[in-house]
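Below, each chain spelled out in residue letters.
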Amino acid sequence: MQQSKRESDVRTTESDAGAESLDFIRQIVTDDVARGAKVATRFPPEPNGYLHIGHAKSIVLNFGIAEEFGGTCNLRFDDTNPTTEEVEYVDSIKEDVRWLGYDWGEREYFASDYFDKLHELAVQMIRDGKAYVCELSKEEAAEFKGDYYRPGRESPYRARSVEENLALFERMRRGELDEGAAVLRAKIDMQAPNMNLRDPPMVRVIKRPHHRTGDTWCIYPTYDWTHGQSDAFEGITHSLCTLEFEDHRPLYDWFLDQLALPARPRQIEFARLNVSYTVLSKRRLITLVREGHVDGWDDPRMPTLCGLRRRGYPPEAIRKFCERVGIAKSEGVVDVALLEHAVREHLNETAPRVMAVLDPLKVVITNYPEGEEEEFEAPYHPQDPSYGSRKVPFSRELYIERDDFREVAPRKWHRLSPGAEVRLRYACLIRCVDVIKGDDGEIKELHCTWDPESRGGKSPDGRRVRGTSHWVSANHAVPATVRLYDRLFNTPNPTAGGADLTASLNPDSLEVRQGMMEPSLRSAAPGSRWQFERLGYFTVDSANSRPDKPVFNRTVTLRDSWARIERRNS
RNA sequence: UGGGGCGUCGUCAAGUGGCAAGACACAGGGUUUUGGUCCCUGCAUCCUAGGUUCGAAUCCUAGCGCCCCAGCCA
């Protein structure tokens, strides 16, 4: 139940006959490498929130390319805005990247480590007449900027002398100017059709302590002024980011053009990940947490990496999913079924099988001696003997799944019903002879007989028994809390047309049951992943499970073709 | 009335002028002590309209549709 070995590096989309087909970024990188270039990428999260599966796409891309081309990938925190950033997030981000299976070694950087250098470069930009201190208020600045259809006007402060700019910038640095009172702008072109080039702010006053630099600064560089230069400082060759930064690229390049930096990074944009039946924007995830629709950032229904981890999603499956989704420039929504498939695929190979009953219905084997018991050998994995086996106790009173019995059997029903015979997995064949009901008409228990010749579950005379039920011995059963998670939303695109998120919340995204498990599960470790036969994959909750009060989270159900038949018939 | 992108199966996604990969989903069949897994089978003429060419998803032209940009957020 150990994995660790990374599947062979996937650098090509899956295709026939091994015909290689690289995504457009890998094609570019391949060409560059052919010309003798080195490869250095970076994953640049802002420490102001938890990582989610959308970030995983970027992580897998950046670290993946570095691995495949013999390059490096830095982890760089883009911490230029002390208003929203905190150490707590730095720690969780590191934990999540590590959990996904990536190691950045010594290459851990912070944009805040470059504040000094960036400041020197800003001074140089002023000296070169390429930047100026602007004292327009925010409102005025917006007015001067123009709009999509009208060019902007030049700030009255644009023509200041180098000396005056230097002096004012120094005053900004010393905290003599209030937030909003002044900003350092790049002197580019107020007429530019690309709004990003209309004298964008480079440095602004923010009088707040920074999680790393403390009170050293009260002015902070903007994203645009920081990112490309940071890339250059680190020798990044390919700076991969999402599509919304595409029209920042001219600015990214402009800054690099003005400075004599040792390296020349190149920004390339790709489409961010969207997944159906969930949301991935930071704002909306915060809403879910704040309004109490979920239990927190690591609620197993959240698409955050910590949430998926608690849900039992294996990191290998998340990586595989990201690789399958591919890298391109068209924005779309990936079917969550693709993610679930990757999870099942990995868990099918790696999760040991055990039995647990989530909605117990008592079965009395009337021809089995009272007080007696025996054990049956049950393998942990039907396809892989190396997983070994365990013994499962059997006795006169058992529990089966209430859903595995029908008083009147529908068409094609293979499971138990009055007079019918089914197999108890790895145990024996039983036939239902009586249905015991309470006064309310509810089925209390089933009386069955077993065929002692069928020990192990084999058909002694070759008679056909199509149904197999999972079961647990009543006296030996270990009670456990089982949380059945489902999709958080019941519409494919919860935010379509600016819809209210809460309108499409799935009211049944969590159902808590008291289940009965086979005794071998008593020692299941937190975080371990199991298949409850015929039900799904489950993991021991890492936060709430205790040895005396186990809690299991359902990761994902098994494919259920019977449910599908029923759905179709109704 | 501006700038930047994108438009190939239900969903992602290959394809870079020569008969439209693959995956998921879906449908049908086989194996099966999980109605699981596994194994077969089926499932698109490429936003539209013109044009170039022996030949176009790929080139040209004109449209149409969708996304992003007016934070001193990233």
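The rules behind these values
- Residues numbered from 1 in each chain as written.
- Chains lettered and ligands numbered in written order.
- Predicted model: local features only at pLDDT ≥ 70, side-chain atom pairs only at ≥ 80, totals over all residues.
- Heavy atoms only, no water.
- Helix = DSSP H or I, 4+ residues; strand = E, 2+ residues; numbered from the N terminus.
- Buried < 20%, exposed > 50% of the residue type's maximum accessible area, 1.4 Å probe, protein only.
- Contact = heavy atoms within 4.5 Å.
- Areas by Shrake-Rupley, 256 points an atom, 1.4 Å probe, with all protein chains shown as cover.
- Lys, Arg positive; Asp, Glu negative; His and termini not counted.
- Charge placed at Lys NZ, Arg CZ, Asp CG, Glu CD.
- Salt bridge = Lys/Arg side-chain N within 4 Å of Asp/Glu carboxyl O.
- Pairing = 2+ DSSP bridges.
- Axes fitted to C-alpha atoms, helices over the stretch in contact; angles between N-to-C directions.
- Expected span 1.5 Å × (residues − 1).
- Phe/Tyr/Trp six-rings, centres within 6.5 Å; stacked < 30°, edge-to-face > 60°.
- Near = heavy atom within 4 Å.
- Polar contact = N/O pair within 3.5 Å; in protein donor to acceptor, adjacent residues only side chain to side chain.
- Parallel < 35°, antiparallel > 145°, perpendicular 65-115°, else oblique.
- Left-handed = near helix turned anticlockwise from the far one by under 90°.
- Nonpolar A, V, L, I, M, F, W, Y, C, P; charged D, E, K, R; others polar.
- Domains from an automatic or database assignment.

Visitor: Hey, could you go over the overall build of chain A for me, with residue numbers and the actual values?
Guide: Counting its secondary structure elements, chain A contains 13 helices and 25 strands. Taking all 570 residues of chain A together, the buried fraction comes to 52%. Long-range contacts, defined here as pairs at least 24 residues apart, represent 71% of the contacts in chain A between residues at least 6 apart. Just so you have it, chain A exposes about 26500 Å², and 46% of that area is on carbon and sulfur atoms. Between the centroid of the 81 positive side chains of chain A and the centroid of its 93 negative side chains there is a distance of 2 Å.

Visitor: Break down the pattern of salt bridges for me, citing the residues and quoting the values.
Guide: In this structure the tally under the stated criterion is 50 salt bridges. Of the charged contacts in the structure, one is a salt bridge between Glu234 and Arg76, with a shortest N-O distance of 3.0 Å. Of the two residues, Glu234 sits in helix 7 (residues 223-234) while Arg76 sits in strand 2 (residues 72-77), which places them 158 residues apart along the sequence. Arg76 shares its class with Glu234; the two are buried.

Visitor: An account of the sheet that holds strand 1 (residues 40-43) is requested, with residue identities and associated values reported.
Guide: Here three strands make up an open sheet; going across it, the order is 1-2-3 and the pairing parallel. The open sheet is flanked by strand 1 and strand 3 (108-110), the only strands paired with a single partner. Direction aside, neighbouring strands of the sheet carry axes that sit 35 degrees apart on average. In the sheet, strand 2 pairs with strand 3 via three bridges, with the strands oriented parallel. Counterpart to Phe77 in the pairing with strand 3 is Phe110. Where helix 2 (residues 53-68) meets the sheet, its contacts fall on strand 1 and strand 2, and the angle it forms with strand 1 comes to roughly 160 degrees.

Visitor: Kindly report on helix 2, identifying the contributing residues and their values.
Guide: The end-to-end C-alpha distance of helix 2, which contains 16 residues, comes to 22 Å, matching closely the 22 Å that a straight helix rising 1.5 Å per residue would cover. Helix 2 sits mainly inside the fold: 15 of its 16 residues count as buried. Among the residues trailing helix 2, Gly70 stands out with phi positive, at a value near 65 degrees.

Visitor: Kindly report on the packing of aromatic side chains, identifying the contributing residues and their values.
Guide: To describe a pair of aromatic rings, you give the distance between the ring centres and the angle between the ring planes. On inspection of all chains with the given rule, the structure shows 19 aromatic pairs. Ring geometry for Tyr50 against Tyr89: centres 5.5 Å apart, planes inclined by 85 degrees, an arrangement best described as edge-to-face. Placement of the pair is Tyr50 in the loop between strand 1 and helix 2 and Tyr89 in helix 3 (residues 87-100), with a sequence separation of 39 residues. Grouping residues by exposure puts Tyr50 and Tyr89 together as buried. Each ring, one from Phe77 and one from Phe110, has its centre 5.0 Å from the other, and the planes form 20 degrees; the classification is stacked. In this pair, Phe77 is assigned in strand 2 and Phe110 in strand 3, connecting sequence segments 33 residues apart.

Visitor: Describe the protein's contact with RNA strand B, and please don't skip the residues or the numbers.
Guide: Lining the immediate environment of RNA strand B, one finds 69 residues, of which Arg353, Arg415, Arg425, Gly456 and Ser561 sit closest. When the atoms of RNA strand B within 4 Å of the protein are grouped by moiety, sugar and phosphate amount to 61% of the total. Within the side chain of Thr80, one N or O atom sits 2.6 Å away from a phosphate oxygen of RNA strand B. Taking Arg204, its side chain carries an N or O atom lying 2.8 Å from a phosphate oxygen of RNA strand B. If you list the elements that add at least two residues to the surface near RNA strand B, you get helix 5 (138-145), strand 6 (201-205), helix 11 (315-325), helix 12 (336-350) and helix 13 (561-569).

Visitor: Go over the environment of Gln258, please, and point to the residues and values.
Guide: Inspection of the secondary structure puts Gln258 in helix 8 (residues 249-258). Distance from Gln258 to Arg324, taken between C-alpha atoms, is 40 Å for residues 66 residues apart in sequence. Excluding its chain neighbours within four sequence positions, the residues that come into contact with Gln258 are Met125 and Lys130. A distance of 3.0 Å separates the side chain of Gln258 from the backbone oxygen of Trp254, its partner in a polar contact.

Visitor: Let's hear about the environment of His211: which residues, and what values?
Guide: Along the chain, His211 falls in the loop between strand 6 and strand 7 (219-221). Here the alpha-carbon distance between His211 and Ser112, two residues 99 residues apart in the chain, equals 9.4 Å. Excluding residues within four positions of it along the chain, His211 makes contact with Pro47, Asp79, Glu85, Glu86, Val87, Val90 and Phe110.

Visitor: Would you mind going over the sheet that holds strand 23 (residues 529-532) in detail, with residue names and values included?
Guide: Ordered in space as 10-23-24-25-21-22-11, the seven strands form an open sheet in which the pairing is mixed. The sheet terminates laterally at strand 10 (353-354) and strand 11 (356-357), the two strands that pair on one side only. Relative to strand 24 (residues 536-540), strand 23 runs antiparallel, the two sharing four bridges. Bridging across to strand 24, Gln531 finds its partner in Tyr537.

Visitor: Lay out unusual backbone geometry in plain terms, naming residues and giving numbers.
Guide: Backbone geometry at Tyr277 places phi at a positive 65 degrees, although glycine is not the residue there. Looking at where Tyr277 falls in the secondary structure, it is placed in the loop between strand 9 (266-270) and helix 9 (282-290). Classification of Tyr277 as partly exposed rests on a relative accessible area of 22%. At Lys412, a position not held by glycine, the phi torsion is positive, near 70 degrees. Relative to the helices and strands, Lys412 is located in the loop between strand 15 (397-401) and strand 16 (421-424). The class of Lys412 is exposed, set by a relative accessible area of 55%.

Visitor: Any details on the packing of helix 7 against helix 8? Residues and values, ideally.
Guide: Look at helix 7 against helix 8: their axes get within 9 Å of each other, and the N-to-C directions meet at 60 degrees. Taken together, the axes of helix 7 and helix 8 are oblique relative to one another. The interaxial crossing formed by helix 7 with helix 8 has right-handed handedness. Contact residues: helix 7 offers Asp224, Trp225, His227, Gly228, Gln229, Asp231 and Ala232, while helix 8 offers Leu251, Tyr252, Phe255 and Leu256. The residue makeup of the contact of helix 7 with helix 8, split by class, is six nonpolar, three polar and two charged.

Visitor: Describe the domain arrangement of chain A, naming the residues involved and giving the relevant values.
Guide: Domain annotation for chain A reports domain 1 (125-221), domain 2 (273-350 + 481-570) and domain 3 (354-473). A separation of 75 Å is found between the C-alpha centroids of domain 1 and domain 3.

Visitor: If you had to explain helix 3 to someone new, which residues and values would you point to?
Guide: Over its 14 residues, helix 3 runs 20 Å from end to end, which matches the ideal 20 Å to within 8%, given 1.5 Å per residue. By the burial criterion, the buried members of helix 3 are Tyr89, Val90, Ser92, Ile93, Lys94, Asp96, Val97, Trp99 and Leu100. Structurally, helix 3 contributes buried residues whose contacts are with strand 1, helix 2, strand 2, strand 3, helix 10 (305-311) and helix 11. Two residues or fewer after helix 3 comes Gly101, characterised by a positive phi angle close to 110 degrees.

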